[in-house]
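# Structure assessment
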Amino acid sequence: MSIRTVTTEQPEKIPPPSLDHAASITPNRPRRVTDRLKRLHQKLTTKHGWVGDYDYAWLCMPTTPWRLGRARPRQTKTGPPFYALDSELPIILAAASGLQHALAMLAGLITPPIIFASALNLDAETSAYMISASLIGCGILSLVQMSRIRLFGDYYLGTGLISVVGTSFATLSTANAIFDAMYADGTCPSTVAPDGTVTRGACPDAYGRVLGTSLICSFLEILMSFMPPRILKRVFPPMVTGTVIVMIGASLIGSSGIPNWGGGSNDCASRPSSGFYQLCPDIAAPRPLPWGSAEFIGLGFLSFVSIIVTELFGSPFMKNISVIVGLVVGCIVSGAAGYIDGSSITSAPAITFLWVHTFKIRVYPPAILPMLAVYVSVAMEAIGDITASAEVSRVSVVGEEFDTRIQGGVLSDGIGGFLSALFTVTPLSIFAQNNGVIAITRCANRTAGRFCCFFLILFGVLGKLSGVFLAIPNPVLGGVTTFLFASVATSGVRVLSYNRFTRRDRFVLAAAFSFGIGDLLVPTIFTHLFDGVSHPNKGLQGLFDSITIVLSTPFLISGLVALVLNLILPQEDAGDDDDDVVEVVDVEAHPNSKEKEIHV
């Protein structure tokens, strides 16, 4: 990839507003404790310290997508000032910006535990706890990621940016394949009805095995963080990372988003003729219907359209939380129509915290290889998301300082993967949703990020809130998550756009998508790959299962193909780029000859 394809120029930084302009000091001069106490007292006791001069009306004012009537006079007023990483920030603005970040992340944070719990048929109490643990763990580990703690030499922990972490969607996609393998090999219980319908039983131990496997595999990303960033970017260029992100989003749409939109991604999606999952989400639901019923499709479509309407008419604040708006509108309508089961709210505790429920931490050998690939993917995502966060935060995206941000972010991700397993949460990665909030609100201040972490932890501690999230009907969740997963795929397309798309680039991408899209459309193609091996021992069978999981996960196999081909295929010279040559042939005017027009 050529350096010409990456934008490294940053907008001119606007001087941050200060609460006490007369008390400005030289940056290199240490502030005394009395000075800090004085400034804190001034912030807490003055209107300017609480409110500042931010344009809150702009933040909350709805917009119209087109102009009505005659053209209005051109407005000269610009947006609010840009608040840099460490500038002074009014308390109300810091809290409002932090709440926007938390709400923008919320749908992405609660979706993975809901899907995990549904895939393993866990009870409502355990499912609600998993949501709370995810929110609390993400809040705590986001604080670590936002820090910039110097360890030794030029090595740091954290990015020093507003880098909010959440459960990696790569883990979600891989865990589904791991759960399928566990039910297939008898690790998890399942029953077969007389008509051949397979019903999966509850299997909390499967979640514990995923946690234990992710815990030991997290050391790979920790070790990767000490590699020079230039090597990481060379091994994982946009061609590889973009391919992986596209396939993660696309596979989640097919395995979770659309099935839930139709009524549920559990056993009811196969429309069995009898049994507990004959109707969706099950026959004990308040208003069960067959999968794909018009009522379910309509509820999901309502949530989806609500996101679009919010984008058209919403204020900047509402646009930042458009996914939450879609959930709220869908829940209001589905609740009025009787589709919401409130038992999860009743069974959820008022207050909860980590380790209220625990899982048996074990290692599932067939999952080791796929989970190692997940951590490689998490590191790739981190590099791209840190770059995007630096761009919108108006800090340099080249140079030694930026390289240390990447190193610190990848290290924090790896340590976060280890700690998250102890928090009963699957591996976390840096999310990109908050970059949009920074771009719209023009607030990249880390104080707002700390408020975001506070709200995430608060949402997790309030156990009833997790019960509310768990009560969201599947069609509503499906309509929203389909958009959310499509946004992930779109982010991958954006990363791929950094390439020049030479003939070599197109070849690598075509080979990777051949496996990834093929795997996505026919997911069982590699299921029987090793059936011809007779009586393999336990270790060999575990290796076969591990390889099958990798081959059956679209983003893993496509990312592996892109990685290998990108390393072994020689780079093309600038003069060999066939995109610079356009051949125009007029067959009618010159049936026996060709005329070439060269555009350089």
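Parameters and conventions
- Residues numbered from 1 in each chain as written.
- Predicted model: local features only at pLDDT ≥ 70, side-chain atom pairs only at ≥ 80, totals over all residues.
- Heavy atoms only, no water.
- Phe/Tyr/Trp six-rings, centres within 6.5 Å; stacked < 30°, edge-to-face > 60°.
- Helix = DSSP H or I, 4+ residues; strand = E, 2+ residues; numbered from the N terminus.
- Buried < 20%, exposed > 50% of the residue type's maximum accessible area, 1.4 Å probe, protein only.
- Lys NZ or Arg CZ within 6 Å of the ring centre and 35° of its normal.
- Salt bridge = Lys/Arg side-chain N within 4 Å of Asp/Glu carboxyl O.
- Expected span 1.5 Å × (residues − 1).
- Polar contact = N/O pair within 3.5 Å; in protein donor to acceptor, adjacent residues only side chain to side chain.
- Axes fitted to C-alpha atoms, helices over the stretch in contact; angles between N-to-C directions.
- Parallel < 35°, antiparallel > 145°, perpendicular 65-115°, else oblique.
- Left-handed = near helix turned anticlockwise from the far one by under 90°.
- Contact = heavy atoms within 4.5 Å.
- Nonpolar A, V, L, I, M, F, W, Y, C, P; charged D, E, K, R; others polar.
- pLDDT = per-residue confidence, 0-100.
- Disulfide = S-S within 2.5 Å.

### Description of the packing of aromatic side chains
What the rule picks out here adds up to 17 aromatic pairs. With 6.1 Å between their ring centres and 80 degrees between their planes, Phe-116 and Phe-179 make a pair best called edge-to-face. Residue Phe-116 is located in helix 4 (residues 91-119), and its partner Phe-179 is located in helix 6 (residues 169-184); the two are separated by 63 residues in the primary sequence. Since its relative accessible area comes to 1%, Phe-116 is described here as buried. Residue Phe-179 is classed as buried on the basis of its relative accessible area, which comes to 1%. Three or more aromatic residues link up through ring pairs in this structure, and these residues are Phe-116, Phe-179, Tyr-207 and Phe-359. In this structure, Arg-148 is placed above the aromatic ring of Tyr-156, and the distance from its NZ or CZ to the ring centre is 4.1 Å.

### With respect to the pattern of salt bridges
In this structure the tally under the stated criterion is 7 salt bridges. In this structure, the salt-bridge partner of Arg-200 is Asp-180, at a minimum N-O distance of 2.5 Å. Residue Arg-200 is located in strand 5 (residues 198-200), and its partner Asp-180 is located in helix 6; the two are separated by 20 residues in the primary sequence. Notably, a salt bridge pairs Asp-403 with Lys-233, separated by 3.7 Å at the nearest N-O pair. With Asp-403 in helix 15 (residues 400-422) and Lys-233 in helix 8 (residues 229-235), the pair connects residues that are 170 residues apart, well separated along the chain. Asp-403 gets classed as partly exposed once you look at its relative accessible area, which sits at 25%.

### Notes on helix 17 (residues 446-461)
Each α-helix winds once per 3.6 residues, and so residues spaced three or four apart point in a common direction. The terminal C-alpha atoms of helix 17, which comprises 16 residues, lie 23 Å apart, in line with the 22 Å expected from a rise of 1.5 Å per residue. Among all positions in helix 17, only Arg-446, Ala-448, Gly-449, Cys-452, Cys-453, Phe-455, Leu-456, Phe-459, Gly-460 and Val-461 are buried. If you check the start of helix 17, you find a side-chain oxygen 2.8 Å away from the backbone N of Thr-447, and it comes from Asn-445.

### With respect to the packing of helix 20 (residues 503-521) against helix 22 (residues 554-568)
Look at helix 20 against helix 22: their axes get within 8 Å of each other, and the N-to-C directions meet at 160 degrees. As far as their axial angle goes, helix 22 and helix 20 are roughly antiparallel. For helix 20 against helix 22, the interelement crossing comes out right-handed. Together, Arg-504, Phe-507, Val-508, Ala-511, Ala-512, Phe-515, Gly-516, Asp-519 and Leu-520 of helix 20 and Pro-554, Ile-557, Ser-558, Val-561, Ala-562, Leu-565 and Asn-566 of helix 22 make up the contact between the two elements. A breakdown of the residues in the contact of helix 20 with helix 22 according to their chemical character gives 11 nonpolar, 3 polar and 2 charged.

### Describing the confidence of the model for the chain
Here the chain averages 84 in pLDDT, and 87% of its residues register 70 or above. Contacts of residues 1-29 to residues separated by more than four positions or lying in other chains number 35 contacts, the stretch itself having pLDDT below 50. Segment residues 593-600 is flagged for pLDDT under 50; beyond a separation of four residues in sequence, or across chains, it makes 16 contacts in the model.

### Some thoughts on the environment of Ser-497
In this structure, Ser-497 sits in the loop between helix 19 (474-496) and helix 20. Classification of Ser-497 as partly exposed rests on a relative accessible area of 46%. Sequence-wise, Ser-497 and Gly-242 are 255 residues apart; in three dimensions their C-alpha atoms are separated by 8.5 Å.

### Thoughts on the state of the cysteines
Here the structure, examined in full by the defined rule, presents 2 disulfides. Between Cys-188 and Cys-203 runs a disulfide, and the two sulfur atoms are separated by 2.1 Å. Between Cys-188 and Cys-203 the sulfur-sulfur dihedral comes to about -70 degrees; the bridge is accordingly left-handed. Placement of Cys-188 in the loop between helix 6 and strand 4 (190-192) and of Cys-203 in the loop between strand 5 and helix 7 (204-224) is noted, with a sequence separation of 15 residues between them. Cys-203 carries the same exposure label as Cys-188, and that label is buried. In this model Cys-268 forms its disulfide with Cys-280; the gap between the sulfur atoms is 2.0 Å. The disulfide joining Cys-268 to Cys-280 has a torsion of about 105 degrees about its S-S bond and is therefore right-handed. Of the two residues, Cys-268 is situated in the loop between helix 9 (238-261) and helix 10 (294-313) and Cys-280 in the loop between helix 9 and helix 10; the sequence distance between them amounts to 12 residues. Side by side, Cys-268 and Cys-280 carry an identical accessibility label, which is buried. Each bonded cysteine of the chain gets a number by its place in the sequence, and the pairs then read 1-2, 3-4.

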